[in-house]
Amino acid sequence: MAYKSVIEILTAIKNKDVSASELTSDYLNRIKDNDDDLNCFITVTEESAMRKAKEIDDEISKGIFKPLSGLPIAQKDIFCTKGVKTSCGSKMLDNFISPYDATVIEKLNNAGTIMLGKTNMDEFAMGSSNETSFYGPVKNPWNKDYVPGGSSGGSASAVAARISPCSTGTDTGGSIRQPASLCGICGLKPTYGRVSRFGMIAFASSLDQAGLFTTDALDAAVLLKEISGHDPKDSTSSDVDVPDYYDYCINNNKSTYTIGIPDEFTKDLNDEVKKSFFDSIKVLEKIGCKIKNIKLEHTGLGVSAYQVVAPAECSSNLSRFDGVRFGHRSKKASSLEELYRESRSEGFGKEVKRRILVGTYALSAGYYDAYYLKAQKVRNLIAQDFKNAFSEVDLILGPTTPDKAFKIGEKMNDPIAMYLSDVYTVSTNLAGLPAMSIPMGFKDKLPLGLQIIGNHFDEKNILKLCHLYQRETDWHVQEPND
Amino acid sequence: MTNMWETVIGLEIHVQLATNSKLFSSSSTNFGAEQNTQASVIDLAMPGVLPVLNKKAVEMAIMFGLSVDAKIAEKSIFARKNYFYPDLPKGYQISQYELPVVYDGKLSINVDGNEKVIGITRAHLEEDAGKSIHDLYDGQSAIDLNRAGTPLIEIVSEPDMRSAGEAVAYLKKIHSIVRCLGISDGNMEEGSFRCDANISLRKPGDKFGIRAEIKNINSFKFVESAINYEVDRQQEILESGGSVNQETRLYDPKKNETRPMRSKEEANDYRYFPDPDLLPVSISDDEISRIKQFLPELPDTKKERFINEYSIKIDDAEILSSSSELSDYFEQSIKTATSEIQLLANFILSEVIGLCNKNNIDISQAKVKPEDVAKLNNYIGDGKISMKQAKEILSEAWISSVPVDQIIASNNIEQISDPDLLTDVAKKLLEMHPKEVQDYRNGKDKLMGFFVGQIMKETQGKANPKVLNQVLIKLLKGV
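What you are looking at is a predicted structure, and each value in this text was computed from that prediction instead of being measured.

Draft legend 1. View of the overall build of chain B. In terms of regular secondary structure, chain B is built from 15 helices and 16 strands. For 479 residues, the compact-globule formula gives about 23 Å, and the C-alpha radius of gyration of chain B, at 30 Å, lies well above that figure. Counting only C-alpha atoms, chain B reaches 95 × 55 × 55 Å along its principal axes. In chain B, which comprises 479 residues, the proportion classed as buried is 51%. Per element, the accessible surface of chain B, about 23400 Å² overall, is 48% carbon and sulfur.

Draft legend 2. Spotlight on the packing of aromatic side chains. In total, this model carries 28 aromatic pairs over all chains according to the counting rule given. Each residue in the set Phe-96, Phe-124, Phe-321, Phe-326 and Phe-348 of chain A is aromatic and connected to the rest through ring pairs, giving one cluster. In this arrangement the basic side chain of Lys-384 of chain B is found over the ring face of Tyr-379 of chain B, its NZ or CZ atom lying 4.2 Å from the centre.

Draft legend 3. Broad picture of the domain arrangement of chain B. Domain annotation of chain B identifies domain 1 (2-290), domain 2 (297-411) and domain 3 (419-477). For domain 1 of chain B versus domain 3 of chain B, the separation of C-alpha centres amounts to 65 Å.

Draft legend 4. View of empty space enclosed by the protein. Residue and element names in this part refer to chain B. Within this structure, the stated rule accounts for five cavities of 30 Å³ or more. Lining the largest cavity are 19 residues, and of these Phe-24, Ile-42, Asp-43, Lys-90 and Glu-127 sit closest to its centre. In the lining of the largest cavity, the residues fall into eleven nonpolar, two polar and six charged.

Draft legend 5. Just the layout of surface pockets, in detail. All names here are of chain B. The volume enclosed by the second largest pocket comes to roughly 1500 Å³. If you trace the second largest pocket, you find 40 residues lining it, with Lys-172, His-175, Phe-220, Ser-322 and Ser-323 closest to the centre. Going through the elements one at a time, β6 (102-111), α2 (164-181), α3 (220-239), α5 (299-310), α6 (314-320) and α8 (341-359) are the ones with two or more residues in the lining of the second largest pocket. Among the elements that line the lining of the second largest pocket, the one with the most residues is α2, at eight residues. Of the residues assigned to the lining of the second largest pocket, the class counts are 14 nonpolar, 14 polar and twelve charged. The two domains that each donate at least three residues to the lining of the second largest pocket are domain 1 (2-290) and domain 2 (297-411).

Draft legend 6. Representation of the sheet that holds strand β4 (residues 78-82) of chain B in the model. Taking strand neighbours across the sheet as the criterion, the three strands line up as β5-β4-β15 (chain B) in an open arrangement whose pairing is antiparallel. Two strands lie at the open edges of the sheet, namely β5 (92-96) and β15 (273-274) of chain B, each paired on one side alone. Two elements, β4 of chain B and β15 of chain B, share two bridges in a ladder whose sense is antiparallel. Looking at β15 of chain B, one finds that Arg-80 of chain B is bridged to Phe-273 of chain B. The sheet strands contacting helix α11 (residues 302-317) of chain A are β4, β5 and β15 of chain B, and the helix crosses β4 of chain B at an angle near 65°.

The rules we used
Residues numbered from 1 in each chain as written. Chains lettered and ligands numbered in written order. Predicted model: local features only at pLDDT ≥ 70, side-chain atom pairs only at ≥ 80, totals over all residues. Heavy atoms only, no water. Helix = DSSP H or I, 4+ residues; strand = E, 2+ residues; numbered from the N terminus. Rg over C-alpha atoms; globule rule 2.2 N^0.38 Å. Buried < 20%, exposed > 50% of the residue type's maximum accessible area, 1.4 Å probe, protein only. Areas by Shrake-Rupley, 256 points an atom, 1.4 Å probe, with all protein chains shown as cover. Phe/Tyr/Trp six-rings, centres within 6.5 Å; stacked < 30°, edge-to-face > 60°. Lys NZ or Arg CZ within 6 Å of the ring centre and 35° of its normal. Domains from an automatic or database assignment. 1 Å grid on protein atoms, 1.4 Å probe; cavity = no way out; pocket = protein on both sides within 12 Å on 5 of 7 lines; lining within 4 Å. Points joined across faces, edges and corners; volume = space filled by probe spheres on them. Nonpolar A, V, L, I, M, F, W, Y, C, P; charged D, E, K, R; others polar. Pairing = 2+ DSSP bridges. Contact = heavy atoms within 4.5 Å. Axes fitted to C-alpha atoms, helices over the stretch in contact; angles between N-to-C directions.

This is how it looks when you write it as structure tokens:
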């Protein structure tokens, strides 16, 4: 069975070329064959997947088709899944079985998808290499000595290795786009508020956004429609209309765009990344896009602002993991204070502790103005830069990451170097903008990603441009084992 | 020495709002349910859950703001107040910090006939914590999260009060307003209405002294005793040359004393920051106008109306307007009243309230209908029954729930007000007591009581005392 994309799978199901059960069992076998090595999954939900596949087959036999009937999918372990372990990559939640489904999960379940399992990730989504996971690092299928990126490393690696046709991820500072880039697949982070955050374990609430991994931009278009929309359970979710993204990509006759290239995204690039990027720009020029050099003056401050805002919010968001109601509880504690201290010391890994400490400091009396408030001001300036840019251009392009994937262990003892792998991605989170990474070439046989940033709620034009690019190129159809 | 010190008091009142569901979840807020049965995944702060604001609570806060002449913030913001405690599931309380929904209000109070205006700095919305129960299991603490997330408004006053009496008057006024608005049941025993008192002393004209905060006082009486205790304590410290510690204290009603809870140094750094899970609350002028329209008549307005409309005493008007249950009862009785309304007010305030207090129930649950109380007063006014009889009938009606007219009819307890009838009775009595009549005529005025008593006995207390008096004087003095 060699279906290349979500759309091919949905077509095959619809045409009854394959049953949901056959397909699911095929993907479960691929996981069995490959995942001991790749470590993409924390939990494989074989039994419930086969049960759901049978339900879908029964429905199909009665003529009931849902938008994504029979589509296997891998869910990042940050999304709460009812009755299934939801660990968030942490020892803290190693024993946590969620009593409810996240809205994203509910929507995908209702649309007919079949969950293959829960994917590995950096602990509480804090990391850019998937090495902070309590469940061990995920490997990059293009070269298993290398990281897949993070924090959604399991989801990205699984799609790249074709052991799942698609997967969900979350992106707080680049956690979808960076691993998509390093794994050579498509990763879409929608506009903040486009997709409900309910049931998605919070890292930094004002930055977190759920999104998708696929191999083809059109697949992302199909899936995005199903997970988007206002959720009464999430006050920050938007009620902006959800268009039919796929239809827009295929049938809308818009074919040219004015594309902005910020100096800040290209000036420090190494030769190979620079070449891949400008080769991609040539492809777009060839199909009629206009290129414009722009400035995003304050984007250089993005990582610094991000490293204040995200830890600050995380320090508060992670307070609920106190060993009282759920999650890890230390056996050593003999007083309330010890219960907190020991449970949290034992339950959280090093990076999570580092961020909680940084965030607690940034919010402390006397430092709030100097750090948190200042970071919020920088955030406004960055948003303003983008706003100005979008008055001149339709989309903004740059490389997703400064370089290809790095080796497992290479940056683990250098947090600053690790944080800088988000340098091109954090600004869009700070501004709440949608962005997508698609494959644009290779360096040393490791993939490189092209980042397309759009205006608020303009996912359709991001997807369309990606689709136009992918019609001209074949980076996205290359597989690790070819 | 006492006059050297001026007491400065500011109050923070926590009022539980009478919404059906919690501030950020759809769980019920009913009091007294089985432990942890009113706690959803949101109240439990399960990973991934998000708060959604209960608009009804915002509306109630606005109602309060409008009732104390306050400004309503066009935009207010929820913030997180971070601290660890087992009954605080999220590890932070969602409250309002920099931009509260209500600010800059005022309220006039009346203490011993003196009007005084107390400033209201702000009133903000916040969620309540759960309850820690330490005496249920040996060596273990239990947590009940039914209350977690219940909406509160915290009403912060300016340090404008100068005595325990003023503080209690202010507290009672706020209590009557929130009850009148229907935004809280004001039940102090169940913790729906509780207050923290900030107390300091200074020499008049000096800047404010160092204050101590007494936490969680839940009765008017305790507020008064706690403040008085604290004033004495601080005065003693200051007069012996010491200085007051800035600290949080607890009031122990059993021992009538305050005890230190935590000092300023031990105070938490709450690391307030805007809650990114909630959007700023925007309130339009239209919204405010809409809410204004259905505000009920407030105690002060009602008091003025009672004075003007019914010509009753100011103090009585104050009490009768202080709760809507009492004012409803009063106004309901007026519909049937033909006698003077002041007398009706007196009767309700002394007799009906007396019975309510004795039975520990609210006036709304009084066993005698306001119409019947009005009738009793009408009959007193008409001379049909005496005050004493009225009280007896009221007591009987209270116990038996029988309408007063029926009691009067079946017991034949109407008053004898016919002068001719009473003259006949009196004549007979005077004939039987010639000596006493002689003594009376010789100036022994006290004997009037004897004659009245004897006739009352004869008539089983039905003689109208006023008429009887006139009859006797006429017979005895021949006037």
